[in-house]
Amino acid sequence: MIGVAVLGSTGSIGESTLDVLRQHPDRFRAVALTAHRNAERLFAQCVEFRPEVALIADASLHAALAARLRAAGLPTKLLAGGDELPAIAALPSADYVMAAIVGAAGLNSTLAAAGAGKRLLIANKEALVMAGRQVLAAARQSGATIIPIDSEHNAVFQCLPSATVLGAEPPGVRRVMLTASGGPFRSWSASALQNATPEQACAHPTWNMGRKISVDSATLMNKGLELIEAQLLFGLPVERIEVVIHPQSVVHSLVEYIDGSVLAQLGSPDMRTPIAQALAWPQRLASGVQFLDLLQVARLDFEPPDLGRFPCLGLAIAAARAGAEMPAVLSAANEVAVEAFLEGRLNFAGIEQVIGDVMNGWLSTGGTPGLEAVLAADARARALAAERIAPANSPRSIRA
Ligand code: NDP
Ligand code: MG
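**A short note on the overall build of the protein chain**
For step 1, the next point in the chain: Each helix and strand counted, the protein chain has 17 helices and eleven strands in total.
For step 2, the next point in the chain: At 20 Å, the protein chain has a C-alpha radius of gyration in line with the 21 Å of a compact globule built from 400 residues.
For step 3, the next point in the chain: Dimensions of the protein chain, computed from the C-alpha atoms along their principal axes, are close to 55 × 55 × 45 Å.
For step 4, the next point in the chain: In the protein chain, of all internal contacts separated by at least 6 residues, the share reaching a separation of at least 24 is 70%.
For step 5, the next point in the chain: Counting only carbon and sulfur atoms, one obtains 54% of the accessible surface of the protein chain, whose full area is about 16,400 Å².
For step 6, the next point in the chain: Charge-centre separation for the protein chain: the mean point of 32 positive side chains lies 2 Å from the mean point of 36 negative side chains.

**Comments concerning helix α11 (residues 221–233)**
For step 1, the next point in the chain: If you check α11, its first and last C-alpha atoms are 18 Å apart, about what 13 residues at 1.5 Å a residue would give, namely 18 Å.
For step 2, the next point in the chain: Most of α11 sits out of view: twelve of its 13 residues are buried.
For step 3, the next point in the chain: Once α11 finishes, G235 follows within two positions and takes phi at roughly 60°, a positive value.

**Regarding the pattern of salt bridges**
For step 1, the next point in the chain: Within this structure, the stated rule accounts for 25 salt bridges.
For step 2, the next point in the chain: Of the charged contacts, one joins E126 and K212 as a salt bridge, the two residues approaching to 2.8 Å between their closest N and O atoms. Here E126, found in helix α6 (residues 125–142), pairs with K212, found in helix α10 (residues 211–219); they are 86 residues apart in sequence, far enough to count as distant.
For step 3, the next point in the chain: Taking relative accessible area as the criterion, E126 reaches 5% and is therefore assigned buried.
For step 4, the next point in the chain: We classify K212 as buried; its relative accessible area is 14%.
For step 5, the next point in the chain: In this structure, E256 engages R175 in a salt bridge whose closest nitrogen and oxygen atoms are separated by 2.7 Å. On the criterion of sequence distance, the pair formed by E256 in strand β10 (residues 251–257) and R175 in strand β8 (residues 173–180) is long-range, its members being 81 residues apart.
For step 6, the next point in the chain: When its relative accessible area of 12% is taken as the criterion, E256 is described as buried.
For step 7, the next point in the chain: The structure contains a network of salt bridges with shared partners spanning D19, R22, E48, D270 and R272.

**Topic: the coordination of the magnesium ion (ligand 2)**
Ideal values for angles at a metal depend on the geometry: 109.5 degrees with four tetrahedral donors, 90 or 180 degrees with six octahedral donors.
For step 1, the next point in the chain: Coordination of the magnesium ion (ligand 2) by the protein comes from D150 (OD), E152 (OE) and E226 (OE), over a distance range of 2.1 to 2.2 Å.
For step 2, the next point in the chain: In the primary structure, the donors to the magnesium ion (ligand 2) are separated according to the pattern D-x1-E-x73-E.
For step 3, the next point in the chain: The exposure class of D150 is buried, given its relative accessible area of 8%.

**Examining the environment of S60**
For step 1, the next point in the chain: Note on placement: S60 falls in the loop between β3 (53–56) and α3 (62–71).
For step 2, the next point in the chain: On a C-alpha basis, the gap between S60 and L18 in space is 26 Å, while along the polypeptide they are 42 residues apart.

**Details of the domain arrangement of the protein chain**
For step 1, the next point in the chain: The domain architecture assigned to the protein chain consists of domain 1 (2–148), domain 2 (158–188 + 204–297) and domain 3 (323–388).
For step 2, the next point in the chain: A separation of 27 Å is found between the C-alpha centroids of domain 1 and domain 3.
For step 3, the next point in the chain: If you look at the interface, domain 1 gives ten residues, while domain 3 gives twelve residues.
For step 4, the next point in the chain: Summed over both sides, the interface of domain 1 with domain 3 buries roughly 760 Å², with 69% coming from carbon and sulfur.
For step 5, the next point in the chain: Broken down residue by residue, the surface that domain 1 buries against domain 3 is led by V129, M130 and Q134, which jointly contribute 57%.
For step 6, the next point in the chain: Where domain 1 meets domain 3, there are zero salt bridges.
For step 7, the next point in the chain: Connecting domain 1 to domain 3 are two residue pairs in polar contact (both at pLDDT 80 or more).
For step 8, the next point in the chain: Secondary structure elements with two or more residues in the side of domain 1 that touches domain 3: α5 (107–115) and α6.
For step 9, the next point in the chain: Top contributing element to the side of domain 1 that touches domain 3 by residue count: α6, with six residues.

The rules we used
- Residues numbered from 1 in each chain as written.
- Chains lettered and ligands numbered in written order.
- Predicted model: local features only at pLDDT ≥ 70, side-chain atom pairs only at ≥ 80, totals over all residues.
- Heavy atoms only, no water.
- Helix = DSSP H or I, 4+ residues; strand = E, 2+ residues; numbered from the N terminus.
- Rg over C-alpha atoms; globule rule 2.2 N^0.38 Å.
- Contact = heavy atoms within 4.5 Å.
- Areas by Shrake-Rupley, 256 points an atom, 1.4 Å probe, with all protein chains shown as cover.
- Lys, Arg positive; Asp, Glu negative; His and termini not counted.
- Charge placed at Lys NZ, Arg CZ, Asp CG, Glu CD.
- Expected span 1.5 Å × (residues − 1).
- Buried < 20%, exposed > 50% of the residue type's maximum accessible area, 1.4 Å probe, protein only.
- Salt bridge = Lys/Arg side-chain N within 4 Å of Asp/Glu carboxyl O.
- Donors = N, O, S within 2.8 Å, 3.2 Å for Na, K, Ca; no water.
- Domains from an automatic or database assignment.
- Buried area = accessible area lost by both parts, 1.4 Å probe.
- Polar contact = N/O pair within 3.5 Å; in protein donor to acceptor, adjacent residues only side chain to side chain.

Structure, rendered in structure tokens:
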């Protein structure tokens, strides 16, 4: 029986993970579950999966939830606060850790799982963008196995030779091609994009995801973060990673080899496929995903991304090229801007302006930053981004 800790179990990836575990009770046991504020969902998950430990990051909700768990006669020990997440990630009974917390809040637990020698199923792309080097180094030292969950990186992982070492350039690879659906605004004009609403941004045409990544998909920042993620995981320079818009979301990414072969991974757009792949690797596991009907898909389209209408992708390419702490700066400013957009304090076009301003004014120290320097850059970029966003009483604008 394999013990699985699901960090961010109440989110979109977390629930998809629990759905795969639910289908294989003879092989997997959810030993730990965590949420930020969704105590209701976490309670229901504890009733179903009876984990050894659960954690609610918002400590103010701990007492009431702990009382409910006790009253229901559950064996689950409830922890509180984000500082306890690393302890959950290093839990002895957790053989595998699903890192599915959104944003930089997932970094401490992702690092802890990598350091504790777990099989680390990593969806939390922001942790890799911020401190990927540290995550890979911790895994190398402890012997942890990392398997990417992000559908593109999982697709690339599946198309690479089985002996591939993450972080090192795979032999014989010419290029990696990351596909992008193009998001809900793929065919919108630049002027219509200016004032797109959060509801429109979160109505993704092919994937059903959490709100932050939905907005990132609408700005194409998601593909930018993924480019940095790919640069790190597959040890390739930005020039050898291409982004291709593919509206059907059927081809999840491709690897081109020096002999002209191109290998791709295809499937229905459902995250349970990469999750099952990572849980079972190197074997295979049924996931409950609808099988692909190529005749129904009928056609596969590919087009280049439009950096004019989607400047966030250009900012991410610039951050990938700059290296050092710039990817962390980009990701932190993006988190602050997206939150402001979702709360109606910033318009859609303002997201890119805030991130661009923070990056343009940034004086890089150069070199490869250690963890302390990354965390300091994250904090400073957040403060600078917040300064750029107008107060709540002047909605949908940024300060001149
Ligand atoms: P969701 O917003 O749906 O879920 C996020 C999870 O993290 C929830 O369990 C949430 O708890 C928890 N959480 C949020 N903030 C904190 C915090 N400060 N401290 C502790 N826990 C927190 O996100 P997704 O599942 O969509 O995405 C998760 C990660 O996976 C992201 O990094 C995303 O980029 C990546 N990813 C997602 C894909 C998808 O299809 N959804 C595809 C590829 C990658 P609560 O519910 O209580 O708020
Ligand atoms: Mg993806």
